[in-house]
Amino acid sequence: MAFWTRQNKDTKSKEAAIAADFDASDKPYAVLQNVSLELEGRPVLQDISLSLQEARVGIVGLNGSGKSSLVRLFNGLRMPTGGEVRMFGVSTEALREELPRYVGFVFQNPDHQAIFPTVEEEIAFGLTQLGVARAEARTQALAFLDRHHCGHLAEKPFADLSEGQKQLICLLAVLVMKPKLLILDEPMSSLDGLATRRIGRKLAKLDQKILMISHDLDLLRNFDRVLWVDEGKIRMDSVPGDVLPAYEADLEQRAERDPEGLQP
Ligand SMILES: Nc1ncnc2c1ncn2[C@@H]1O[C@H](COP(=O)(O)OP(=O)(O)OP(=O)(O)O)[C@@H](O)[C@H]1O
């Protein structure tokens, strides 16, 4: 996880500008202008222009189509090699250090996200990054866990939790920092149906704007907008009722054409 600690006057005024921009609900929180991304000399994203302001945006696409690379542009984990990404009106180049404060990121695999031995420490870490002293961060973390019915997990080693509990704690570790936007990269892929529904219900109640990659299309049916990423480009961008049936039909056609998966 990339974090920052700097708190100076410039940062404060930048934060105020970002907050003002974000609070204007008619304004997009993310704008991509002719964005491209190359990794190891290979084009991964090509000439993407987008403007996002909806509360719930889903992303679908085949493995390797570029979904994870795309969402990593929104929190500064990746910088575009062409074009510009603006979050809350500011280029991610200029906002890189501050972005984790505004954009929470939940990874597909909780073990790639968690870095502390116990649940309480994992939650408290985000608070210390916001400038809360360690002892007070522990108190607030315990209260936060209680509010989310997870107080009984506080002293447990993260490694001993079930997959569903791990993913829930990773979500809480991000939420404790009160981000404006929450990005989730296939958060339910290793969860059973019950854990998926529990986390899904928690997500549905959040005030935060949500951008979620999912191979489980049912999770996106009530979203406001869905982007279909195909070979590094946006193939379709509309309401779920249009995009999801078109995507499913394409999957069927591909499976029919190449049942053994012999083509790239
Ligand atoms: N660090 C990297 N270095 C080089 N190539 C990369 C790197 N990360 C991803 N890629 C390549 O970029 C392309 C897009 O990968 P990405 O992970 O964004 O796809 P995805 O749609 O999220 O896939 P999945 O559904 O499997 O998670 C793939 O061809 C992948 O091999």
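This one's a predicted model, so the numbers in the text were calculated from it and none came from an experiment. (Residues numbered from 1 in each chain as written. Predicted model: local features only at pLDDT ≥ 70, side-chain atom pairs only at ≥ 80, totals over all residues.)

Q: Break down the UniProt feature "domain: ABC transporter" (unreviewed entry) in the chain for me, with residues and values.
A: Summarizing the sequence annotation, UniProt attributes the feature "domain: ABC transporter" (unreviewed entry) to residues 30-256 in the numbering used throughout. Between the C-alpha atoms that bound residues 30-256 there is a distance of 37 Å. The span itself is 38% helix and 26% strand. (UniProt positions renumbered as here; feature names shortened; annotations may be inferred. Helix = DSSP H or I, 4+ residues; strand = E, 2+ residues; numbered from the N terminus.)

Q: Any chance you could break down the environment of Val226 for me, citing the residues and the numbers?
A: With respect to the element layout, Val226 can be found in strand β9 (residues 225-230). Val226 has contacts with Gly58, Val60, Leu220, Pro240, Val243 and Leu244, leaving out every residue within four places of it along the chain. (Contact = placed C-beta atoms within 7 Å.)

Q: I'd like a rundown of the nonpolar core, residues and numbers included.
A: Formed by 67 residues in total, the largest nonpolar core has its most connected members in Ile59, Met87, Ile123, Leu172, Ile183 and Leu211. Examining the composition of this core, we find that 7 residues originate from one element, helix α8 (residues 163-175), more than from any other. Not counting residues within four places of it along the chain, the set of residues in contact with Leu211 comprises Val57, Ile59, Val71, Phe74, Leu181 and Ile183. (Core = buried A, V, L, I, M, F, W, Y, C linked by C-beta atoms within 7 Å. Buried ≥ 20, exposed ≤ 12 C-beta atoms within 10 Å, placed from the backbone.)

Q: Quick rundown of the site of the ligand? Include the residues and the values.
A: Neighbouring the ligand are the residues Leu39, Glu40, Val44, Gly61, Asn63, Gly64, Ser65, Gly66, Lys67, Ser68 and Ser69. Here the shell around the ligand gets 3 residues from one element, more than from any other, and that element is helix α2 (residues 67-72). Among the residues forming the shell around the ligand, the class breakdown is 2 nonpolar, 7 polar and 2 charged. (Near = placed C-beta within 6 Å. Nonpolar A, V, L, I, M, F, W, Y, C, P; charged D, E, K, R; others polar.)

Q: If you had to explain the sheet that holds strand β10 (residues 233-238) to someone new, which residues and values would you point to?
A: Either a parallel or an antiparallel arrangement is found when strands of a sheet pair, and the pairing is made through backbone hydrogen bonds. Strand order in the open sheet formed by 6 strands is β6-β7-β8-β3-β9-β10, with mixed pairing between adjacent strands. This sheet does not close on itself; its edge strands, each paired only once, are β6 (103-106) and β10. Strand-to-strand twist across the sheet, computed as the mean angle between neighbouring axes with direction ignored, equals 15 degrees. Where β9 meets β10, 5 bridges bridge the pair, whose relative direction is antiparallel. If you follow Leu227 over to β10, its bridge partner there is Asp237. Strand contacts of α8: β6 and β7 (181-185), with the helix running at about 170 degrees to β6, the strand carrying the most contacts. (Pairing = 2+ DSSP bridges. Axes fitted to C-alpha atoms, helices over the stretch in contact; angles between N-to-C directions.)

Q: Residue-level account of helix α7 (residues 134-147), with values.
A: Think of an α-helix as turning once every 3.6 residues; residues three or four places apart then point the same way. Its 14 residues place the ends of α7 20 Å apart at the C-alpha level, agreeing with the 20 Å of an ideal helix rising 1.5 Å per residue. What α7 keeps buried is the set Ala137, Ala141, Phe144 and Leu145. For α7, the arc enclosing every buried residue in end-on projection is 95 degrees, short of the 170-degree limit, so these residues lie on one face. In α7, the exposed residues that point more than 90 degrees away from the buried face are Ala135, Glu136, Ala143, Asp146 and Arg147. Where α7 is buried, its residues contact α6 (119-129) and α8. Within two residues after α7, His149 carries a phi angle of roughly 60 degrees, on the positive side. (Expected span 1.5 Å × (residues − 1). Arc of directions from axis to C-beta.)

Q: Describe unusual backbone geometry, with residues and values.
A: For Phe88, which is not glycine, the phi torsion reads 50 degrees and is therefore positive. Along the polypeptide, Phe88 turns up in the loop between β4 (82-87) and β5 (90-91). By C-beta crowding, Phe88 is classed as buried, having 27 other C-beta atoms within 10 Å. One non-glycine residue, Lys178, adopts positive backbone phi at about 50 degrees. Among the secondary structure elements, Lys178 is positioned in the loop between α8 and β7. Judged by the 13 C-beta atoms lying within 10 Å of it, Lys178 is partly exposed.

Q: For α6, give the residues involved together with the corresponding values.
A: In terms of burial, α6 is a largely internal element, 9 of the 11 residues being buried. Among the residues of α6, Val119, Glu120, Glu121, Glu122, Ile123, Ala124, Phe125, Gly126 and Leu127 are the ones counted as buried. Elements in contact with the buried residues of α6: α7 and α8.

Q: I'd love a proper account of the pairing of β4, names of residues and values included.
A: Of the pairings in the sheet, the one linking strand β1 (residues 30-39) to β4 comprises 5 bridges and is antiparallel in character. Paired with Gln33 across the bridge in β4 is Glu84. Sheet topology note: the β4/β5 ladder contains 2 bridges and is antiparallel. Considered in β5, the bridge of Arg86 is made with Ser91. As consecutive antiparallel partners, β4 and β5 are separated by 2 residues, and within that stretch Phe88 has a phi angle of approximately 50 degrees, a positive value.

Q: How would you summarise the packing of α8 against helix α9 (residues 193-205) if you had to cite specific residues and measurements?
A: Relative to each other, α8 and α9 sit at 15 degrees, their axes nearing to 9 Å. The angle between α8 and α9 falls in the class roughly parallel. Both α8 and α9 take part in a crossing whose hand is right-handed. Residue-level inspection shows Glu163, Gly164, Gln167, Leu168 and Leu171 of α8 in contact with α9, the latter providing Ala195, Arg198 and Ile199. The residue makeup of the contact of α8 with α9, split by class, is 4 nonpolar, 2 polar and 2 charged. (Parallel < 35°, antiparallel > 145°, perpendicular 65-115°, else oblique. Left-handed = near helix turned anticlockwise from the far one by under 90°.)

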